[in-house]
Amino acid sequence: MKALLLYSHVSGHRDFSHQIAKVRKELSPLFETLDVVCTFSSEEASRREQEAGDHYDVLLIAGGDGTFNNAVNNLMKARKTPVLGYLNFGTIGDVGKNFGIQGGLRNALKIIKDGHIEAFDVGEANGSYFAYTCAIGRYSDIAYATPRREKRRHGRLAYYWAAANQAFEKKKVHYEIEFDGRKIEGTTAFLMILNGKNMGGFLVNKKSSITDGKMELFVADDGPFNGLTHYLFHHKVNVISSASFSIKTSEKGPWCLDGERGPEGQLKVLCHAKALRIFSQKLS
């Protein structure tokens, strides 16, 4: 098997370049070839990821949730898709938690060396793709609106401080949602679709699976801190499971996809069952 490792010189709040020697030592025995490339622009990363499957069996990526989201988008458009290996160097690490890839580089390397591969679902929102979340309303812009320098300096505390500031600013989002031949409407502070169990560093979607061909749409009642406590303590939240949603809201957007700025306006969400593969803990 041949593997390509990509990392960005600006990703996350730690410098991955200091770990390359360790990664080479641990993973080189697994592969016939292990090429390591540092990318200096999103365009370069996109090109290399879309072409990776033409030359490699495995694509290893180092970075945060945004880096993973970019890779998912590029692989969903690629001619051939290699197996993903994920080295989490982000701030919160929700993507890694959904695959059991947490606890730092040591655990990530162990999972790749163990060799277990899972096929996982990928969400599509108006032609853009996401691995674990699609959201709009309060809190949804925190990941991409928080300055990188603050994330480097304070880590996840930078996100929690931003969330605290938004918790006291009242917001109403009117929604109309169609799914499985049904239609619901109402108001809420924010809407959130999850594919997996974790969001914002918290276990929110306990019964979810990232391999079942469905996603969960969370709609919370009004409550303290713009309904945030309903999500954290699992009450007064309507959870709808489906393979597709059509959503209209009074909020123009943008929608947030895996912590990245996504499309605006009315949204059509589809779940592509087991569309990509990744080195992971056993998920079932």
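Cut-offs applied
Residues numbered from 1 in each chain as written. Predicted model: local features only at pLDDT ≥ 70, side-chain atom pairs only at ≥ 80, totals over all residues. Heavy atoms only, no water. Helix = DSSP H or I, 4+ residues; strand = E, 2+ residues; numbered from the N terminus. Buried < 20%, exposed > 50% of the residue type's maximum accessible area, 1.4 Å probe, protein only. Contact = heavy atoms within 4.5 Å. Areas by Shrake-Rupley, 256 points an atom, 1.4 Å probe, with all protein chains shown as cover. pLDDT = per-residue confidence, 0-100. Core = buried A, V, L, I, M, F, W, Y, C linked by side-chain atoms within 4.5 Å. Polar contact = N/O pair within 3.5 Å; in protein donor to acceptor, adjacent residues only side chain to side chain. Lys, Arg positive; Asp, Glu negative; His and termini not counted. Salt bridge = Lys/Arg side-chain N within 4 Å of Asp/Glu carboxyl O. Axes fitted to C-alpha atoms, helices over the stretch in contact; angles between N-to-C directions. Parallel < 35°, antiparallel > 145°, perpendicular 65-115°, else oblique. Left-handed = near helix turned anticlockwise from the far one by under 90°.

Would you mind showing me how to read the overall build of the protein chain here?
Helix and strand counts for the protein chain stand at nine helices and 18 strands. Going through the 284 residues of the protein chain one by one, you find that 52% of them count as buried. Relative to all contacts within the protein chain whose residues are 6 or more apart in sequence, the contacts with residues 24 or more apart total 72%. Taken as a whole, the protein chain presents about 13,100 Å² of accessible surface, with 48% of it coming from carbon and sulfur.

How should unusual backbone geometry be read in this particular structure?
Among all residues save glycine, negative phi is the norm, and among peptide bonds the norm is trans. Residue Asn-126 is not a glycine yet carries a positive backbone phi of 55°. Looking at the element boundaries, Asn-126 is found in the loop between strand 5 (117-125) and strand 6 (128-130).

Explain the confidence of the model for the protein chain to me, please; I cannot follow it from the model alone.
Atomic detail in the predicted coordinates should be set aside for any region of low pLDDT. Per-residue confidence for the protein chain gives a mean pLDDT of 83, with 76% of residues at or over 70. The secondary-structure element of the protein chain with the lowest mean pLDDT is helix 8 (residues 156-167), recorded at 53, while strand 18 (residues 267-279) shows the highest, at 97.

Is there a simple way to explain the nonpolar core in this structure?
Burial of nonpolar side chains together is a common tendency in soluble globular proteins. Residues Phe-16, Leu-60, Phe-68, Leu-87 and Phe-120 are the most contacted members of the largest nonpolar core, which totals 47 residues. For Phe-120, the residues in contact, after removing those within four places along its chain, are Phe-68, Leu-84, Phe-99, Ile-210, Thr-211, His-272, Lys-274, Ala-275, Leu-276, Arg-277 and Ile-278.

So what exactly am I meant to see when it comes to helix 3 (residues 65-75) here?
Quick reminder: α-helices carry 3.6 residues per turn. Residues three or four places apart thus point the same way. Where burial is concerned, most of helix 3 is hidden: ten out of the eleven residues are buried. Burial in helix 3 covers these residues: Asp-65, Gly-66, Thr-67, Phe-68, Asn-69, Ala-71, Val-72, Asn-73, Asn-74 and Leu-75.

I tried to follow the environment of Gly-100 on my own but got confused; where do I start?
Structurally, Gly-100 can be placed in the loop between helix 4 (94-98) and helix 5 (105-114). The buried category is assigned to Gly-100, whose relative accessible area is 10%. Separated by 180 residues in sequence, Gly-100 and Ser-280 place their C-alpha atoms 6.4 Å apart. In this structure Gly-100 touches Asn-107, Ile-111 and Gln-281, once residues within four positions along its chain are discounted.

Teacher, can you tell me more about the side chain of Asn-88 here?
Positionally, Asn-88 belongs in strand 4 (residues 83-88). In terms of polar contacts, Asn-88 uses its side chain to reach the side chain of Tyr-86, at 3.3 Å.

What is the right way to read the side chain of Glu-216 from this model?
With respect to the secondary-structure elements, Glu-216 resides in strand 13 (residues 215-220). Of the side chains with opposite charge, Lys-214 comes closest to the buried, unpaired Glu-216, at an N-O distance of 7.7 Å. Polar side-chain contacts of Glu-216 include one of 3.2 Å to the side chain of Ser-241. Each residue touching Glu-216, except ones within four places of it in the same chain, is listed here: Met-192, Ile-193, Leu-194, Asn-205, Ser-208, Val-239, Ile-240 and Ser-241.

What is the right way to read the packing of helix 1 (residues 20-27) against helix 5 from this model?
Angle between the axes and distance between the axes are the two parameters that describe a pair of packed helices. One way to put it is that helix 1 packs onto helix 5 with a least axis distance of 10 Å and a crossing angle of 25°. The orientation of helix 1 relative to helix 5 falls into the category roughly parallel. Considering the relative orientation of helix 1 and helix 5, their crossing is right-handed. Residues Lys-22, Val-23, Glu-26 and Leu-27 of helix 1 touch helix 5, and the partners they reach there are Leu-105, Leu-109, Ile-112 and Lys-113.

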